[in-house]
Amino acid sequence: EQCQFVKAYDDEMADNEDGGTVLATKRFVLFKLCPTDSESCSYNYGEYLIDMETYLEAYVEYVQEQQEEFCNTCDEACEQEEEAEEEEEDGGRRLDDANQYANYDCSCVETCEAIENMEENGYMDATEFLECQAIVDDDDGQLFAGPYCSGGEKIKIGVFSDENCMYIDSGKSVDDYLVDGDGVAIKLSYGLLKETYNADAPVSCLVVEEEDENANDDEDENEPEIVELCEQLYEEAAKCEKIHGFDNEYADYAEYENQYAQEETVCDFISAVKSGTYTETGDINIYGGSSTMAGASGATGGQKFFLTVFILSTVGLAVYAAMLHTQLTKGDKADLSKQGGAMA
């Protein structure tokens, strides 16, 4: 739903005498879990905040698996369809295996060939830059490439001036610095990365099982299986659920005790992010957000800035601590299958 950089106080940055700042850039992604039986995600849903690195790592792996499965099916279906047509032309009977792929849309072959031959066609997958890495390292200096939030809704690869990809140079394009092994210029392909923020293609969190003809009808119904992507992101994310009518009872599970205690703080922080409190680069947007600070009219501009940084950075660190606690303590898992639904 939203991608946001947030600059907050960092101990390591404060200890670095040559750093020039005590603020580090935290990268967050905000997403929802919505019920499948609802046309709009307006009630009985949850909002979740997770660090961008974890989100992208999990989501890209999921999309890659889906893409591989799609192309494998495409190859199998279209090969069998072609063989079946040859058999019919020779006066033979149509292969039984081909019947399941009758009228299959083989335009997928062109798509899958383009993916397979991406490098030969002068492109490089943008997901190669999910981690900050150098793209220029010479006597003139260094430049780095990594993901950034574009317009609050998209994730793109940008050029940064530091090895942690905190300071983006919006005047530069990654494409201007990429070359293949022969020194020929190449460009980024965003086909895979776009799927991580495609609002028109939400992920169903329930695994669709194929019908088993040999299954015993009298057998108890199996517990619904959850898509690994949804389960992983749910476990790692800071949660805001109760105010939206969704109580998944995650407080009953040991590893979520800290998050349950911090839920109000998490919800406040998510609300601040959505209301425009931060700029695209993560700085405090004192005049752009919808919130106002009561009683601050007598403070100077500098006082307002430091007071705002102190309040919002503290909230941000509390949310970050809630997510870290989940990563460090893994016990019983909340029953996400009760929600079902889809991730948006």
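Structure shown above.
What counts as what
- Residues numbered from 1 in each chain as written.
- Predicted model: local features only at pLDDT ≥ 70, side-chain atom pairs only at ≥ 80, totals over all residues.
- Heavy atoms only, no water.
- Helix = DSSP H or I, 4+ residues; strand = E, 2+ residues; numbered from the N terminus.
- Buried < 20%, exposed > 50% of the residue type's maximum accessible area, 1.4 Å probe, protein only.
- Contact = heavy atoms within 4.5 Å.
- Pairing = 2+ DSSP bridges.
- Axes fitted to C-alpha atoms, helices over the stretch in contact; angles between N-to-C directions.
- Salt bridge = Lys/Arg side-chain N within 4 Å of Asp/Glu carboxyl O.
- Patch = residues over 30% accessible without salt bridge, like charges linked within 9 Å, V, L, I, M, F, W, Y side chains within 5 Å.
- Areas by Shrake-Rupley, 256 points an atom, 1.4 Å probe, with all protein chains shown as cover.
- Lys, Arg positive; Asp, Glu negative; His and termini not counted.
- Charge placed at Lys NZ, Arg CZ, Asp CG, Glu CD.
- Core = buried A, V, L, I, M, F, W, Y, C linked by side-chain atoms within 4.5 Å.
- Phe/Tyr/Trp six-rings, centres within 6.5 Å; stacked < 30°, edge-to-face > 60°.
- Lys NZ or Arg CZ within 6 Å of the ring centre and 35° of its normal.
- Disulfide = S-S within 2.5 Å.

K.L.:
Would you mind showing me how to read the overall build of the protein here?
P.N.:
When you go through the protein residue by residue, the secondary structure sums to nine helices and eleven strands. Taken across its 344 residues, the protein has 39% of its residues classed as buried. Summarising the internal contacts of the protein: among those between residues at least 6 apart in sequence, 61% fall at separations of at least 24.

K.L.:
Sorry, what's going on with the sheet that holds strand β5 (residues 133-138) here?
P.N.:
The strands that make up a sheet pair up through hydrogen bonds in the backbone, lying either parallel or antiparallel. If you trace the three strands from one edge of the open sheet to the other, you get β5-β6-β7, paired in antiparallel fashion. A strand with exactly one partner marks an edge of an open sheet, and here the two such strands are β5 and β7 (154-160). For this sheet, the mean inter-axis angle between neighbouring strands, taken without regard to orientation, is 20°. Relative to β7, strand β6 (residues 141-150) runs antiparallel, the two sharing seven bridges. Along β7, the bridge assignment pairs Y148 with K156.

K.L.:
Would you mind showing me how to read the pairing of strand β3 (residues 46-51) here?
P.N.:
Most of β3 sits out of view: six of its six residues are buried. Here β3 shows no split at all, with G46, Y48 and I50 on one side and E47, L49 and D51 on the other all buried. With six bridges connecting them, strand β2 (residues 23-34) and β3 associate as antiparallel partners. The partner of L33 across the bridge, within β3, is G46. When β3 meets strand β10 (residues 238-240), the two strands line up antiparallel, connected through three bridges. Among the inter-strand pairings, L49 is bridged to a residue of β10, identified as A238.

K.L.:
What's the story with the pattern of salt bridges in this structure? I'm lost.
P.N.:
A pair can form between side chains of opposite charge whenever their charged atoms are brought close. Taken as a whole and judged by the stated rule, the model has four salt bridges. Measuring nitrogen to oxygen at the nearest pair gives 2.7 Å for the salt bridge that ties E47 to K274. Of this pair, E47 sits in strand β3 while K274 is found in helix α8 (residues 263-274), placing the two residues 227 residues apart along the sequence. A salt bridge links D169 to K172, with the nearest nitrogen and oxygen atoms 2.7 Å apart.

K.L.:
Is there a simple way to explain unusual backbone geometry in this structure?
P.N.:
With the exception of glycine, most residues fall at negative phi, and the peptide bonds are largely trans. The phi dihedral of N44 is positive, around 60°, even though this residue is not glycine. On the secondary structure map, N44 appears in the loop between β2 and β3. The backbone of C165 shows a phi angle near 55°, a positive value even though the residue is not glycine. Within the element layout of this structure, C165 appears in the loop between β7 and β8 (187-189).

K.L.:
Teacher, can you tell me more about a negative patch on the surface here?
P.N.:
A contiguous patch of negative charge, built from D75, E76, E79, E82, E110, E113, E116, E119, E120, E128, D180 and D182, is present on the exposed surface. Secondary structure elements with two or more residues in the negative patch: α2 (52-89) and α4 (108-116). When you line up the elements, E128 lands in the loop between β4 (123-125) and β5.

K.L.:
What's the story with the pairing of β5 in this structure? I'm lost.
P.N.:
Every regular strand shows the same layout, with side chains that alternate between the two sheet faces. Taken together, the five bridges between β5 and β6 define a ladder with antiparallel strand orientation. Paired with V136 across the strands is L143, a residue of β6. Hairpin connection between β5 and β6: a loop of two residues separates the two successive antiparallel strands.

K.L.:
Whenever I open this one, the nonpolar core confuses me. Can you help?
P.N.:
Side chains that are nonpolar tend, in soluble globular proteins, to be buried together. Judged by nonpolar contacts, the single largest core of 46 residues is most densely connected at L229 and M343. It is α2 that contributes the most residues to this core, eight residues altogether. Sequence-distant contacts of L229, defined by excluding residues within four places in its chain, comprise A58, Y59, Y62, V203 and M343. Residues A238, V266, F269 and I270 belong to the second largest nonpolar core, which totals 13 residues.

K.L.:
Please clarify how the packing of aromatic side chains should be interpreted in this entry.
P.N.:
How two aromatic rings sit relative to each other is set out by the distance from centre to centre and by the angle between their planes. Per the counting criterion, the structure on display carries seven aromatic pairs. Ring geometry for F269 versus Y278: centroids 6.3 Å apart, planes at 65°, classification edge-to-face. Neither residue differs from the other here; F269 and Y278 are each classed as buried. Within the aromatic cluster, the residues linked to one another by ring pairs are F31, Y48, Y55, Y59, Y62 and Y234. The positively charged end of R27 is found above the aromatic ring belonging to F5, 5.1 Å away from the centroid. Over the ring of Y234 we find K239, and its NZ or CZ is 4.8 Å from the ring centre.

K.L.:
Help me understand the state of the cysteines in this model?
P.N.:
Working definition of a disulfide: a covalent bond connecting the sulfur atoms of two cysteines. In this structure the tally under the stated criterion is eight disulfides. Disulfide partner of C34: C41, at an S-S distance of 2.1 Å. What sets the handedness of the C34 and C41 disulfide is the S-S torsion sign, and at about -95° it is left-handed. In this structure C34 comes out as buried when scored by relative accessible area, which is 11%. For C41, a relative accessible area of 22% translates into the label partly exposed. The disulfide partner of C74 is C108, and the gap between their sulfur atoms is 2.1 Å. Disulfide C74-C108: the torsion about the S-S bond is 90°, which places it as right-handed.

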